[in-house]
Each structure stands twice: as structure tokens, then as C-alpha cells.
Amino acid sequence: MPRPDNCPSTEIDPFAPEFLEDPYPHHESLREAGPVVWIDKYNLMAMARYSEVRMALRDFETYCSSRGVGLTDFATEEPWRPPSIILEADPPLHTRTHGVLMKVLSKPAIESLRDDFKRTADEMVDGLIEKGECDGVHHLAEAFPLSVFPDAIGLREEGRENLLPYGDMAFNAFGPRNELFEKSFANAQPVVQWIAEQCLRQALVPGGIGEQVYKAADDGTVTEEEAGLLVRSLLTAGLDTTIFGLGAMIYCFASSPNQWELLRKNPKLVRGAFEETLRFISPVQTFMRTTTRPVKVEGVELSEGQKVLLFLASANRDPRQWEEPDRFDIRRKTLGHVGFGHGIHICVGQLLARLEGEVLLTSLVERVERIELVGNPKWRLNNTLHGLDRLPIRLVAS
């Protein structure tokens, strides 16, 4: 599609390594260019300001998800796997499937996991204090969710090493077929096959969240096939984003010892501190929508069928919305951040992610006087997500 005459354009490549490594200067450039910006390389409209991002996320009738939330337009191209009936769906299908997940991921259901999660977090933190130096990503941000999430879903032990490669593939697939895409898909077949097999009713351990999803098939709310796709959605979105969020949380406190001291003095700030982490370093950087009709945004005409790249992470640091947005402050009122999205497609697993963040952070606050950086952090590049690959730290006991 041609660029509208009155739309500013940019040569910025939002999927280039230098952008993904440090997106924030580029976010500022995009925000200052205008409320809507044309990305030359991909013939994309982009929105990076808070008000426009939130508006598009809310208006699902104009900015649909059912044509894909990545570069691929499902109306004209074949997706690499059957589309998600949550993330890549609109009402009425989304209303039905969303209701199923909201029921199995309700607050009482998630709270029932708290004691087991806390026990696991306590043991893990105690072991790492004794260990001394460790990798905050591998030994905490990855290890904790991998210890509790698969059991909560009802996955069997064998093959769980496929979970992280699959998530990497799924989120890279929302971008272009660049080097990151090709690398993550190099061994795709056995990983995809394992995931598909784990989503079947007979593969799930009784008593988990996955079994609860299939009960919705038993009562006719969804079909057997749809239940399997919903379990797949849980496996896709319930791990990588949380891992990146927890890694960012540990990094923020290791980098801001004054904020850690503040939290130790007032542990009631734990919940708000995790929310500030998600605002400050948003694990989900971008998602796309497709226009269903011609629409005008701040004087710029968008055609029907136009892909629109929404910079959620940029919106969360927009100075039009947040005071001193580039400062990590656990006392900040973060209500309205779009780290979990917004509107009908807001993350259905947010209560589970919040529980994991709150539990792990509480265990750290109770036991750790200081989180010290003992080496250089390394970022893990992904076409959609932003998070750490390595975080050398030392946990100093209270």
C-alpha cells in the first residue's frame, strides 16, 4: 500500500538487531515523528504514542486481530500454524474462547497455586544465596516459571525442554523472515510436533489447568479441537513473557539499589514494583493489527487492510502519559500501562504472571539484602519480545 501524503515516514527498521538491542532511543524518534508513522521498509503504519496505541488496542472492530498480529496478513497469506483462537481472533469466536480461559484462570483458581509457588520460590532463593554468584536469568527468571508453570498446566515431565524454543519461534514469527526467524525455526519440526502432542487431552496430567480447559469441551462451550488450541495458547504465551518480565525485575533492582532498599523497608510495594517493571521494560514490545475499514487518525488516512504496528513498550514510556518515564520508580502509579495489552485482547494469563512475579519478589525481599551485578548483562533478541539472555548477579543474604 502507498504511504499517505500527509503521513511522516521513517527508515527505522524495528526488527534490526540494533533496534531490538536498545529500542528506547528509536521509540523516542518514532513518538516525536508523529501520532502515526510510515515504516518505509515494510510498508507499515506504526503508532508509538500512548494515546494512539491504547486507542487501537481498544477498538477491535477497526483494528482487528483475526488477520494476524504479526506481519503476515491471514486474509492473503497462509499462517505458519493454525491461528490462535485467542490472540488471533475477534468476536464472536474470541468472546467464547476468552470466556473459557477467564474461567480456568480466575482469581480463586490462581490463588490456589500461591502456597506451592511460594514454597518453590523460597527453596530456589535459599539455594542461590548459598551458591553465591549465579545467572539471574537461567537460575531464577527461567528456572522459577519452568518449575511451577508446566505443573500448573498439567504437562508431563518428558520433553519440557521444547517449551522455550517453541516460544522463541512463535514470537519471532510475528516479525519478518529475518535471521532471528530463520535461526529459531532451524529445528522447528520436532518442537512443533511435541507441542501439538502435549495439547491433546490424553497427554495432560489430571488436575491441571489444561484438564479444566477440556471440561469446556465436555459441556459444549468449545470443540475438542478448540480446547487443544487453547492449551497451545497457554503454552505459547504463558512462559516466555513471564520469564522476560522476571528477568527485567531482577535487573531493575540490581541496577537500582536505592529502589531495592525502599522495597525492603516497605514490602507492601511488591505488587506495584512488579507492575513498574512491566512498564519500564515491557516484555512484549509490539503487536500488530489490521484495519477493517478506512479510518482517519489525527488527520492521516489509513486504508482498509493496512497493517499497523503498535509499540506497546514505547507507549509505556511516553512522556505525554508518564512523568519521568525513563526512571524506574516502584512508588509510581502504573494504572493504565499496556504491558499486558488493553481491551478485549488484554492478556488472559496476567493473574498467573502477576502471581509468579509477586511470589518470587516476596521471597527475594524476605531473604536478600542486596542484588549485586557481577558482570555485564546480555539481551536476548526476538522480533516481538525484549528481555535478558544473561544476568550475572550475586544474592547477598539479609
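In what follows, the structure referred to is the one given above.
What comes next is a walk through the structure. Keep in mind the model is a prediction, meaning the values are calculated, not measured.

Each value, and the rule that gives it
Residues numbered from 1 in each chain as written. Predicted model: local features only at pLDDT ≥ 70, side-chain atom pairs only at ≥ 80, totals over all residues. Heavy atoms only, no water. Pairing = 2+ DSSP bridges. Helix = DSSP H or I, 4+ residues; strand = E, 2+ residues; numbered from the N terminus. Axes fitted to C-alpha atoms, helices over the stretch in contact; angles between N-to-C directions. Parallel < 35°, antiparallel > 145°, perpendicular 65-115°, else oblique. Left-handed = near helix turned anticlockwise from the far one by under 90°. Contact = heavy atoms within 4.5 Å. Nonpolar A, V, L, I, M, F, W, Y, C, P; charged D, E, K, R; others polar. Buried < 20%, exposed > 50% of the residue type's maximum accessible area, 1.4 Å probe, protein only. Arc of directions from axis to C-beta. 1 Å grid on protein atoms, 1.4 Å probe; cavity = no way out; pocket = protein on both sides within 12 Å on 5 of 7 lines; lining within 4 Å. Points joined across faces, edges and corners; volume = space filled by probe spheres on them.

**Describing the pairing of strand β13 (residues 392-397)**
- Alignment of strand β5 (residues 133-135) against β13, held across 3 bridges, turns out to be antiparallel. Along β13, the bridge assignment pairs glutamate 133 with arginine 394.
- Alignment of strand β10 (residues 368-373) against β13, held across 5 bridges, turns out to be antiparallel. Paired with arginine 370 across the two strands is valine 396, which belongs to β13.

**Regarding the sheet that holds strand β6 (residues 286-291)**
- Sheet architecture is open: 6 strands sit in the order β1-β2-β3-β9-β6-β4, paired in mixed fashion. Since the sheet does not close on itself, it has two edges, and those belong to β1 (9-10) and β4 (63-64), each with one partner.
- Sheet topology places β4 next to β6; 2 bridges connect them, and they run antiparallel. Across the sheet, the residue bridging to cysteine 64 is threonine 290, located in β6.

**Notes on the packing of helix α11 (residues 209-218) against helix α12 (residues 224-237)**
- Running from N to C, α11 and α12 cross one another at 155°; their axes reach a closest spacing of 8 Å. It follows that α11 is roughly antiparallel to α12 by the angle criterion. As for how α11 packs across α12, the hand of that crossing is right-handed. In this structure, α11 contributes Ile209, Gly210, Val213, Tyr214 and Ala217 to the contact, and α12 contributes Glu224, Ala227, Gly228, Leu230, Val231 and Leu234.
- Here the contact of α11 with α12 is built from residues that sort into 8 nonpolar, 2 polar and 1 charged.

**Brief notes about helix α2 (residues 24-33)**
- Within α2, burial applies to Tyr24, His27, Leu30 and Arg31. Angularly, the buried residues of α2 cover 115° about the axis, an arc narrow enough to put them on a single face.
- Once α2 finishes, glycine 34 follows within two positions and takes phi at roughly 155°, a positive value.

**Things to note about the environment of arginine 114**
- Mapped onto the elements of the fold, arginine 114 is located in helix α6 (residues 114-131).
- Not counting residues within four places of it along the chain, the set of residues in contact with arginine 114 comprises Arg271, Leu355, Glu358 and Val359.

**Structural notes on the side chain of threonine 241**
- When you line up the elements, threonine 241 lands in helix α13 (residues 240-255).
- Discounting residues that sit within four places of it in the chain, threonine 241 has contacts with Phe171, Pro283, Val284 and Leu385.

**A word on empty space enclosed by the protein**
- Within the structure shown, the criterion is met by 3 cavities of 30 Å³ or more.
- The calculated volume of the largest cavity comes to roughly 690 Å³.
- In terms of lining residues, the largest cavity is bounded by 43 residues, among which Leu87, Ala237, Thr241, Cys347 and Val348 are the most central.
- If you add up the space inside the second largest cavity, you get close to 110 Å³.
- Looking at the second largest cavity, it is lined by 16 residues, and the ones nearest its centre are Pro14, Phe19, Leu20, Gln285 and Asn383.
- Among the residues forming the lining of the second largest cavity, the class breakdown is 9 nonpolar, 6 polar and 1 charged.

Structural measurements only, silent on function.
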